[in-house]
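Examining the three-dimensional arrangement
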Amino acid sequence: KATVAAAANYNLPTNNTTIKMKFAAAATVAFAASANAFAPATTGNRATQLNAMKDDFAKVGAAALAGAAIFGATLPAQAITKSELNQLSYLQVKGTGLANRCSEVIGEDTITPKGGSRLVDLCIEPKAWAVEEEIGKAGKTEKKFVNSKVMTRQTYTLEGIEGSIKTDGGNIVFVEEEGIDYAPTTVQLPGGERVPFLFTVKELVAKGNGGSFKPGFQMGGDFSVPSYRTGLFLDPKGRGGTTGYDMAVALPGLQSGEEGDAELFKENNKTFDVGQGRIEMEVNKVNAEESEIGGVFVASQPGDTDMGSKVPKKILTKGIFYAKIQ
């Protein structure tokens, strides 16, 4: 709180009193989600994969949705636009959580990208997480998405992503090329189990449903999900993918003979698994003067496999995004 108060008292340019007031309000509640930005835009009845993935979140249950609503609406944060955020110094942002938030876009204009245009400064900020679990009831088991809470500090937002914008049949196609496009994240289930995963949009190819960015525009596509850990990681037994022991040295009796290695085969033979995820994005704000777009997203991806020894859990992520057309 002291850091936030100190940062809020820094002097901004004399003609930016409004920005200073907004920054003070935003910094105070930077750890809370923006309820207005989290709400999906109202669009027509188009059967898209975005709606299907929204239905997955609906399956989380009334209690989970209520928890997400509380998470998003307990302390509604004052939105800050990109231009306002750029006027703040490093010390003013440090320790407030603003660096982990995507900027707000104001306006409902239309932007038609020209040939050679690029989507830059793409920011993807998760707001809620759900993990698919098998729940048993009356002797039967069924898969349901369980609401979970993030355990990672304020470092789970993707930032500075950019790529080319192309057209295919009159529709916009975004091809991700570079940026901070991955963030190791851990969420915790109600029972205490923690599920690590690599939140990412690497190699994303998102196809849109039109040739212009405007409120209601939707685009989505598949992306690659690299392994949560690399080959240089060593487990508690000193085993790794490219280095370390080939087997658990303390358990030689279980790893000798024809059948001895079967039980620990997956733990001994580390693999770098690459999965596949999908993201659907919907634009609800467009500022043509600043060439900015903003909206909501829903993403689905596999979790960590512990380098091949575990079955990955399916994780749903919902939040907001910001981008600029260049």
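Everything here concerns the structure above.
Let me sum up the structure you'll find in this document. Each chain has its residues counted from 1, running along the sequence as written. Only residues with pLDDT of 70 or above have their local features reported here, since the model is predicted, and side-chain atom pairs are shown and tallied only from 80 upward, although totals for entire chains, interfaces and linings are computed over all residues. In computing side-chain properties, one takes all heavy atoms of the structure into account and sets aside hydrogens as well as water.

This part covers the overall build of the chain. For the purposes of this entry, the term helix denotes a DSSP run of H or I that reaches at least four residues, the term strand denotes a run of E that reaches at least two, and both are numbered from the N terminus. The helix and strand tally for the chain stands at eight helices and eleven strands. Only protein chains enter the accessibility calculation, which uses a 1.4 Å probe. A residue is then buried if its area is under 20% of the maximum for its type, exposed if over 50%, and partly exposed in between. Looking at the 326 residues of the chain, the share that counts as buried comes to 46%. Every accessible area reported is derived by Shrake-Rupley at a probe size of 1.4 Å, with residue values counting cover from the shown protein chains alone. With an accessible surface of roughly 16,700 Å², the chain has 53% of that area assigned to carbon and sulfur atoms.

Disulfide assignment relies on a single distance test, namely cysteine sulfur atoms paired within 2.5 Å. On inspection of all chains with the given rule, the structure shows one disulfide. Covalent S-S linkage joins Cys102 and Cys123, the inter-sulfur distance amounting to 2.0 Å. Judged by the sign of its S-S torsion, about -85 degrees, the cystine formed by Cys102 and Cys123 is left-handed. In this pair, Cys102 is assigned in the loop between α7 (90-93) and β1 (118-137) and Cys123 in strand β1, connecting sequence segments 21 residues apart. Comparing Cys102 with Cys123, the two get one shared label, buried.

Moving on, we come to the nonpolar core. Most often, soluble globular proteins have nonpolar side chains that are buried together. Nonpolar cores are built from buried Ala, Val, Leu, Ile, Met, Phe, Trp, Tyr and Cys residues. Side-chain atoms within 4.5 Å join them into one set. By size, the foremost hydrophobic cluster in this structure holds 38 residues, and its most contacted members are Ile124, Phe213, Ile279 and Ile293. Of the residues forming this core, the biggest block, five residues, is contributed by β1. The next biggest cluster of nonpolar side chains, apart from the first, holds six residues, and it includes Cys102, Val105, Cys123 and Val296.

Below, the discussion takes up the pairing of strand β7 (residues 205-208). Residues Ala206 and Gly208 point to one face of β7 and are all buried, whereas Val205 and Lys207, pointing to the other face, are not buried. Pairing between strands requires that DSSP locate at least two bridges from one strand to the other. Sheet analysis places β7 next to strand β8 (residues 218-225), joined by two bridges and oriented antiparallel. Directly across from Lys207, in β8, lies its bridge partner Gly220.

With a phi angle near 60 degrees, Glu203 is a residue other than glycine that sits in the positive phi range. With respect to the element layout, Glu203 can be found in the loop between β6 (194-200) and β7. Residue class for Glu203 comes out exposed when judged on its relative accessible area of 56%.

Once that is clear, we can look at the pattern of salt bridges. When a carboxyl oxygen of Asp or Glu is within 4 Å of a side-chain nitrogen of Lys or Arg, the pair counts as a salt bridge. Applying the stated rule across the entire model yields 14 salt bridges. Notably, a salt bridge pairs Glu162 with Arg118, separated by 3.0 Å at the nearest N-O pair. A residue pair is termed long-range when its members are at least 10 positions apart, and Glu162 in strand β3 (residues 158-168) and Arg118 in strand β1 qualify at 44 residues. We classify Glu162 as partly exposed; its relative accessible area is 23%. One salt bridge connects Lys144 with Glu142, and the closest N-O pair in it is separated by 3.4 Å. A network of salt bridges, in which partner residues are shared, links Arg118, Glu162 and Glu177.

Between 30 and 60 degrees the pair is tilted, below 30 it is stacked and above 60 it is edge-to-face, where a pair is any two Phe, Tyr or Trp rings, Trp via its six-membered ring, whose centres lie within 6.5 Å. Counted under the stated rule, the structure contains three aromatic pairs. A centroid spacing of 5.1 Å and a plane angle of 70 degrees characterise the contact between Phe213 and Phe217, whose relative ring orientation is edge-to-face. On the basis of relative accessible area, Phe213 is assigned to the buried category, the value being 1%. Among the residues examined, Phe217 registers a relative accessible area of 3% and is labelled buried. Lying over the aromatic face of Phe233, Arg229 brings its terminal NZ or CZ to 4.3 Å of the ring centre. For a lysine, the NZ atom is tested; for an arginine, the CZ atom; a charge sits over a ring if that atom is within 6 Å of the ring centre and within 35 degrees of the ring normal.

A separate point is empty space enclosed by the protein. For each structure, a 1 Å grid was placed over the protein atoms alone; sets of points admitting a 1.4 Å probe that cannot get out are labelled cavities, open sets with protein on both sides within 12 Å along at least five of seven lines are labelled pockets, and lining residues have an atom within 4 Å of a point. Grid points are joined across faces, edges and corners, and a volume is the space filled by probe spheres set on the points. Using the criterion set out here, one finds two cavities of 30 Å³ or more in the structure. Taken as a whole, the largest cavity encloses approximately 50 Å³ of empty space. Lining the largest cavity are Ile80, Leu85, Leu98, Arg101, Cys102 and Ser103.

On to the pairing of β3. As defined by bridge partners, β1 adjoins β3 across four bridges and the pair is classed as antiparallel. Residue pairing across strands places Ile124 opposite Leu158, the latter belonging to β3. A loop of two residues connects β3 with strand β4 (residues 171-180), the two strands running antiparallel in sequence, and Gly169 in this loop sits at a positive phi of about 65 degrees.

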